[in-house]
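If you want the building blocks of each chain, they are given just below.
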Amino acid sequence: LEERKAGTEEPTTSAIDEYKQPFVIGVAGGSASGKTAVCDMIIQQLHDQRVVLVNQDSFYHNLTEEELKRVQEYNFDHPEAFDTERLVSVLDKLKHSQAVDIPKYDFKGYKNNVFPARRVNPADVIILEGILVFHDPRVRALMNMKIFVDTDADVRLARRIKRDTADNARNIEAVLDQYSKFVKPAFDDFILPTKKYADIIIPRGGDNHVAIDLIVQHIRTKLGQHDLCKIYPNLYVIQSTFQI
Ligand code: C5P
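Given the structure is predicted, the values throughout are model-derived calculations rather than measurements.

> What exactly am I supposed to notice about the pattern of salt bridges here?
Side-chain pairing between opposite charges can occur once the charged atoms of the two side chains come close. If you walk through the whole model with that rule in mind, you get 13 salt bridges. Where Glu73 meets Arg70, a salt bridge forms, and the shortest distance between an N and an O atom there is 3.1 Å. Among the ionic pairs, Asp136 bridges to Arg138, the shortest N-O distance being 2.9 Å. Put simply, Arg160, Arg163, Asp164 and Arg170 are held in one network by salt bridges that share partners.

If you want it as structure tokens, here you go:
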């Protein structure tokens, strides 16, 4: 925190507020690239912190009757498929340590109003995961760290076929049709171009333990929680003061 009141050693209110705000991590990448695995591993390693995971899937628009009738023609991989206004508002509230209700999404029923909504309380770390979380500049601006999970297209397709046929009970022709019509073109047109915003690019997703360890180390440094501070909690305050 470099920001100070001009001519004094006092940090400004905004600098203090910024320091107190949760650390927001964005995890983007193609469908079935291993984003969830990366998030799960980060969460596991940060077991002593309050961490919440928010999925961009929760912000899918509900489909109209017409769209539902012709769901095979609906593009779930286009940025406009998401209610980004709502995502910005939810993320902004969480960033300011306010509790929020996040809709639950039903992949099979194509609905995002599964009751009850998920109540998310303020946390130290917020992870936002989804194919297009780097697409909107307002969402990017709320992030402290941006991770892009980079996995080969054939691996992603193979995982997607397995997942959609097993978990979502779809038939393989429909999965392949959706992939060539929407998933692949949207990856090339909208998802891949957001890779340039990433601070860190992880090859091979959740298999990359070294990358995850480095990321977690960085988050811990940012949270100002070195081991010594955990053993002597009072030192935490002293160290924070020095950081300001
Ligand atoms: O978990 P993942 O990042 O793969 O989720 C995003 C994918 O979910 C998109 O590629 C989209 O095609 C797919 N999707 C779907 N059916 C829905 C909603 C999203 O196949 N009802």
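Now that the structure is up, let's keep going.
> Would you mind going over the site of the ligand with me for this structure?
Not every one of the 16 residues close to the ligand is listed here, only the nearest: Ser31, Lys35, Asp77, Arg160 and Arg170. At 2.8 Å, a side-chain N or O of Lys35 approaches an oxygen atom of the ligand. Taking Gln178, its side chain carries an N or O atom lying 3.3 Å from an oxygen atom of the ligand. The fraction of the free accessible surface of the ligand (470 Å²) that becomes covered by protein chains is 97%. Put simply, the ligand lies in the second largest pocket. Counted by class, the shell around the ligand contains eight nonpolar, two polar and six charged residues.

> Honestly, the environment of Val114 in this entry has me stumped. Any pointers?
Among the structural elements, Val114 can be located in strand 4 (residues 111-120). Spatially, the C-alpha atoms of Val114 and Pro103 are 6.9 Å apart, while their sequence positions differ by 11 residues. The residues touching Val114, leaving out its near neighbours within four places in the chain, are Lys104, Tyr105 and Asp106.

> Sorry if this is basic, but what is going on with the sheet that holds strand 1 (residues 23-29) here?
Strands pair in a sheet through their backbones, by hydrogen bonds, and they do so in one of two ways: parallel or antiparallel. As summarised here, the arrangement of the five strands in space is 2-5-1-6-7, forming an open sheet in which the pairing is parallel. The open sheet has two free edges, formed respectively by strand 2 (51-55) and strand 7 (200-203), since each of these has just one partner strand. On average, each strand axis in the sheet is tilted by 20° relative to the strand beside it, whichever way the strands run. Relative to strand 6 (residues 145-150), strand 1 is paired through five bridges, and the arrangement is parallel. Bridging from a neighbouring strand, Ala28 pairs with Phe148 of strand 6. Relative to the sheet, helix 2 (residues 35-45) contacts strand 1, strand 2, strand 5 (125-129), strand 6 and strand 7, its axis offset from that of strand 5 by approximately 170°.

Thresholds, definitions, all that
Residues numbered from 1 in each chain as written. Predicted model: local features only at pLDDT ≥ 70, side-chain atom pairs only at ≥ 80, totals over all residues. Heavy atoms only, no water. Salt bridge = Lys/Arg side-chain N within 4 Å of Asp/Glu carboxyl O. Near = heavy atom within 4 Å. Polar contact = N/O pair within 3.5 Å; in protein donor to acceptor, adjacent residues only side chain to side chain. Areas by Shrake-Rupley, 256 points an atom, 1.4 Å probe, with all protein chains shown as cover. 1 Å grid on protein atoms, 1.4 Å probe; cavity = no way out; pocket = protein on both sides within 12 Å on 5 of 7 lines; lining within 4 Å. Sits in = over half its atoms within 2 Å of the grid points. Nonpolar A, V, L, I, M, F, W, Y, C, P; charged D, E, K, R; others polar. Helix = DSSP H or I, 4+ residues; strand = E, 2+ residues; numbered from the N terminus. Contact = heavy atoms within 4.5 Å. Pairing = 2+ DSSP bridges. Axes fitted to C-alpha atoms, helices over the stretch in contact; angles between N-to-C directions.

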